Structures are given as structure tokens and as C-alpha cells.
Amino acid sequence: MRLLTHNMLASNVRGVTSGYPLKLEATNWCTKDVDLNADFIRGLLPKIDWRALVAATRALNLPELLPEEQPSEDEIFAEGAVNVEGSAIRRIHHALLEIHVQQGALICPESGRSFPIEKGIPNMMLHEDEV
Amino acid sequence: MIQIFSKTAARGIHRAIQTSDSYCLFSNNNRMSTSDDFLRAQDMMSTEGNRGCSLSVQSTPEIEKKYVHRVYDAIAPHFSSTRFAKWPKVAGFLNSLRPGSIVLDAGCGNGKYLGFNPDCFFIGCDISPPLIEICAGKGHEVLVADAVNLPYRDNFSDAAISIAVLHHLSTVDRRRKAIEELVRVVRRGGLVLITVWAREQEDKALINKWTPLCEKYNEEWVNQSSPPVRSQSTTSLECIAENDEGTGVVKQIDDQLNKKCDDLEVKTIIDCSDLSIDEIDKTQQEYFVPWHLPFHRAEIGGASAAALENGFAKKDEKKGAVVYNRYYHVFVEGELQRLIDGISNAAIVDQFYDKSNWCIVLEKL
């Protein structure tokens with residue numbers, strides 16, 4: 001599960017009004033290189049819940065990866081930034097697309113329901129009494 | 001309010017853009033093992049089966065558990081090995097999406113459309129853990145989830161697709177709910193593509209190979225050797241009666257209890273293949289469609305042995321296969337459109353019939 005996916009996942013347990021964002025617990029994760037595409041990031045960024053993304057990186061014990069406040073568009077899409085090691089866009093790209101949580105859980109912030117992540121696959125199925 | 005635009009308008013909305021310098025968001029180096037799939041799925045279901053039932057539209061009826069979920073769990077590797085042909089209309093839709101689009105595939109099966117357009121980011125989900133593990137093994141971004149209750153926040157994705165999924169849902173409310181979920185998760189202006197099997201099959205002979213099911217009001221399992229003990233609360237679910245010792249014909253019981261719950265939406269769908277052709281209404285839409293799992297398939301040992309023992313699969317020695325029945329509600333012309341009539345925030349931008357499927361493209365308003 002990439003953090004981009006985490007950013008859109010929500011708990012759908014019956015009675016939960018805001019099952020978002022899911023608290024991430026990761027016991028095992030890895031990274032895989034993906035070519036950076038600035039246009040893709042540009043299209044995606046307005047939809048990303050920054051706080052949820054930052055919280056996810058913190059949960060992976062990566063406090064330095066992203067700042068609390070989202071950098072300005074000017075900074076993120078500055079000319080040549082994609083080629084600069086450690087630039088905002090490269091960090092955002094890395095956080096959203098290159099990190100894979102392999103083992104862990106997603107916790108509903110309202111009900112406390114834990115959804116397991118095994119072999120990189122979140123299981124979001126509910127029991128009969130939860131729908 | 002539903003508006004129907006012309007196909008030309010639809011194409012305009014698709015804003016087809018093709019780029020030459022495509023990039024790929026997926027790496028395919030993630031291998032997965034598929035061991036213990038069926039056991040895990042069975043565990044999950046027996047747990048669910050013993051829980052109380054509710055009237056929620058999101059509660060999975062027994063017929064879907066037994067004749068959709070379990071079957072796909074059991075046949076997953078074989079099913080996947082036969083599902084690779086990309087359907088041109090779906091391919092065309094996916095290729096028309098803007099680069100950078102996020103596409104949700106609800107009921108992605110073996111993931112044959114995931115990553116189809118390398119300029120888009122695909123996330124697939126399916127209710128069958130074995131199928132999802134197959135997708136993950138190909139390096140796709142996937143999760144286990146129910147298409148009737150998608151675990152995504154609102155208005156996020158640019159497109160959502162539901163390919164050959166809705167015909168496995170056994171009530172009109174569930175079919176409508178699944179469409180509402182697709183609309184909910186796409187952004188305003190986002191597109192939803194839905195395809196379903198048509199009753200109007202191009203190959204007319206095909207339907208004769210299927211088992212028509214009759215809808216009858218009933219509430220108890222006929223054969224108690226079937227999974228969990230059914231409680232009174234079962235009346236709130238749609239149930240399927242068990243086969244009568246391999247004849248394929250189902251007997252009914254408990255007419256008295258029927259009357260008690262006439263006003264509840266309770267029905268048992270039974271095999272009516274012994275009826276004459278005349279008796280089978282031309283409006284027949286509920287079927288069992290067989291899946292032949294050849295004896296030589298590796299998975300026949302574990303999952304199928306259990307299935308044969310439980311009586312929800314049968315051996316066909318002539319064909320050298322274990323035969324599973326999959327539940328289908330095949331759609332008639334206009335039915336998809338009617339389902340969408342009550343959805344106020346979506347407009348139909350295209351609809352067509354192709355390769356024995358009814359298809360519709362919606363835009364979120």
C-alpha cells in the first residue's frame with residue numbers, strides 16, 4: 001500500500017461520520033523507485049490531504065521527509081526542482097508513490113476498528129454487524 | 001436530473017489526450033504467494049456467517065457469499081489464467097483519461113485493466129482475497145473491499161470503473177448502491193464506466209447452458225448440512241436454498257413462516273431448470289452460470305475438495321471438471337439507465353451495447 005492510497009482510504013464502519021484519516025501503523029515497509037512526473041504530482045496535489053500524508057510519514061518514523069505545512073506551489077514546481085536531490089517535489093513524489101507499507105494496520109479514528117495490512121494489501125472488509 | 005448527451009459530447013468530455021512520453025507508475029517486481037487463500041477466505045466467511053444478520057443494503061446476502069465470493073475464491077488462479085483479453089471499449093475509455101488521472105477499479109478481479117493506461121494511477125479492489133493477491137503479485141496497487149461499500153473518501157478519483165461486477169449483486173438496492181458508491185468516490189466532472197452482462201446475449205445458445213433461478217419467498221435453508229445454523233433473523237436476508245442431493249432441483253419448506261414475513265423483502269432463489277421452457281418467463285434474469293474447473297488444475301486439491309464436500313460444487317466426469325455455479329443477474333435493455341434515474345448527481349454521457357454487455361458512462365455533476 002502506497003501512501004497515496006492511504007491518503008484516500010477511509011473507514012466505512014456503520015455509524016462512523018468521519019473515518020478519516022486512518023491512523024497508520026506499519027511494522028514493515030519498503031521503497032521502490034518510480035520515475036518522477038511533475039505533471040502527475042501537479043494534478044494530484046490539490047486533492048492530497050497534506051496533514052494525513054505528513055501523519056503517515058511520521059508513522060513510518062520519517063520525521064524529516066515532509067514539513068508540517070505544505071510548501072508553496074512555486075517552491076514545489078520551481079524550474080529544475082525535479083533534478084535537485086532533496087527538493088520538495090522529490091520528497092512529495094517519494095512519499096506518495098515510492099513507499100510501500102507491507103505489514104501493519106489502518107486504525108479508524110472514530111471507532112478504533114483496525115484494518116490489517118498484510119503482504120502490502122489492506123483488508124477493508126467489514127463484518128456483518130459493521131455495515 | 002438525468003441528461004443524456006450525444007456520443008460526440010461524451011467524447012468531448014473525455015478530453016482524450018495521448019502523450020508520447022509515457023511513464024509508468026508501477027514496478028512489477030512485487031511477487032506474492034497465494035497459499036492458504038481459500039482457508040483464509042473460508043475463515044472469514046464462517047465468522048461472518050455466524051454473526052447476526054441485518055437489513056442493511058451493505059449486508060452481503062448468502063447467495064452472493066456462496067455463489068459469487070466463495071466461487072471466485074476457489075477458482076481464482078484458473079479464472080485469472082483465462083482473463084487477459086482487454087475489451088476494446090473499456091480500453092478506449094481508459095485511454096481517453098487525462099494523464100495523471102486516478103482510476104478506481106471496483107471489483108477488479110485479476111486486475112487485467114489495472115495499469116492499462118500507464119499515464120494513470122490505478123487502485124483496484126475486489127472482495128476476493130485470492131484474486132487480490134494475484135493482482136498484488138503483478139505489482140498492482142490493490143486492497144480487499146466490497147464494491148457496495150467502498151472504503152474511499154468522497155470526490156477523490158478522476159474515474160471509476162465497474163467491469164462485469166454489478167450482475168453479481170442480487171438485489172436492486174445493492175446494484176444501485178454500488179453505482180452510488182462509484183459516483184461518490186469520483187470528483188465532480190469525473191467519469192464512471194459500468195459494464196454488465198446483458199440478457200440479450202449475442203450467442204443465444206449460451207443462455208441454454210445456464211440454470212434459470214426462480215424467485216420464491218422462503219426463509220429457511222432446506223438442507224441443514226449447509227453452512228451455519230440459520231436463526232430467525234435470517235428472514236432479513238435473501239437466501240438460497242440448498243440443492244436436493246445432486247438433482248439440481250430444490251425443494252421448498254416452511255410456507256407458514258413465509259406468510260409471517262410477507263412484507264419483508266425475503267426471497268429464496270431456487271433452481272427451476274425442471275420447468276418447461278414456456279414456464280420460464282421471457283423476463284428471466286436470475287441465473288446460475290457454470291464455471292468448469294478442470295481436474296488437472298492444481299487448486300483442485302484444496303479448495304475444490306472442500307467445495308465438493310460442502311456440496312456447492314459438482315464433478316462432471318465427462319468434461320473432466322469440477323463445476324461451480326456462479327450467480328448472475330443479467331441486465332435487460334434500459335435497466336442500467338433506470339438504476340441511475342434516482343441518482344441526482346450523475347448524468348449519463350454515453351451508453352451502448354457491446355459484446356453481450358450493457359455499458360454506461362456517467363459524469364458526476
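Definitions and limits used
- Residues numbered from 1 in each chain as written.
- Chains lettered and ligands numbered in written order.
- Predicted model: local features only at pLDDT ≥ 70, side-chain atom pairs only at ≥ 80, totals over all residues.
- Heavy atoms only, no water.
- UniProt positions renumbered as here; feature names shortened; annotations may be inferred.
- pLDDT = per-residue confidence, 0-100.
- Contact = heavy atoms within 4.5 Å.
- Buried area = accessible area lost by both parts, 1.4 Å probe.
- Helix = DSSP H or I, 4+ residues; strand = E, 2+ residues; numbered from the N terminus.
- Nonpolar A, V, L, I, M, F, W, Y, C, P; charged D, E, K, R; others polar.
- Core = buried A, V, L, I, M, F, W, Y, C linked by side-chain atoms within 4.5 Å.
- Buried < 20%, exposed > 50% of the residue type's maximum accessible area, 1.4 Å probe, protein only.
- Pairing = 2+ DSSP bridges.
- Right-handed = clockwise from strand over helix to strand, strands pointing away.

- Going by the annotation in an unreviewed UniProt entry, the name recorded for chain B is Methyltransferase type 11 domain-containing protein, with Eleusine coracana subsp. coracana given as the source organism.

- Chain A is annotated in an unreviewed UniProt entry as Multifunctional methyltransferase subunit TRM112-like protein from Eleusine coracana subsp. coracana.
- Of the comments in the UniProt record for chain A, the one headed Subunit (unreviewed entry) reads "Interacts with TRM9."
- You can read under Sequence similarities (unreviewed entry) in the UniProt record for chain A the words "Belongs to the TRM112 family."

**Observations regarding the confidence of the model for chain B**
Residues and elements named next belong to chain B.
Step number 1: Mean pLDDT for chain B: 72, with 65% of residues reaching 70 or above.
Step number 2: Predicted confidence is poor over residues 1-54, with pLDDT under 50, and the contacts of this stretch with residues over four places away or in other chains come to 127 contacts.
Step number 3: Contacts of residues 216-269 to residues separated by more than four positions or lying in other chains number 120 contacts, the stretch itself having pLDDT below 50.

**Thoughts on the interface of chain B and chain A**
Step number 1: At the interface, 44 residues of chain B touch 34 residues of chain A.
Step number 2: In this assembly, chain B packs against chain A so that about 3,500 Å² is buried in total across both faces, 56% of it on carbon and sulfur atoms.
Step number 3: If you list the elements that add at least two residues to the side of chain B that touches chain A, you get α2 (37-49), β1 (102-106), β2 (121-126), α5 (129-137), β3 (142-144) and β4 (157-163) of chain B.
Step number 4: Looking at side-chain class alone, the side of chain B that touches chain A contains 21 nonpolar, 14 polar and nine charged residues.

**Details of unusual backbone geometry**
Step number 1: Along the chain, A:Y20 connects to A:P21 via a cis peptide bond; the corresponding omega equals -10°.
Step number 2: Residue position: A:P21 is located in the loop between α1 (3-8) and β1 (23-31).
Step number 3: Even without being a glycine, B:N155 presents a positive backbone phi close to 55°.

**A look at the nonpolar core**
Step number 1: Core analysis: the biggest nonpolar cluster contains 76 residues, and A:L4, B:Y152, B:I179, B:I194 and B:L362 have the highest contact counts within it.
Step number 2: Of the residues forming this core, the biggest block, six residues, is contributed by helix α5 (residues 88-98) of chain A.
Step number 3: The contacts of A:L4, once residues within four sequence positions are left out, are A:F40, A:L44, A:I48, A:L96, A:L97, B:I102, B:F121 and B:F156.
Step number 4: Core analysis: the next-biggest nonpolar cluster, separate from the first, contains 29 residues, B:W210, B:L293, B:Y328 and B:V330 among them.

**Thoughts on the pairing of β4(B)**
All names here are of chain B.
Step number 1: With respect to burial, β4 is a largely interior element, seven of its seven residues being buried.
Step number 2: Sheet analysis places β1 next to β4, joined by three bridges and oriented parallel. Looking at the pairing, V103 lines up with A159 of β4.
Step number 3: The sheet contact formed by β4 and strand β5 (residues 186-197) spans six bridges and is parallel. If you follow S162 over to β5, its bridge partner there is I194.
Step number 4: For the handedness criterion, the β-α-β arrangement of β4, helix α6 (residues 172-185) and β5 is classed as right-handed.

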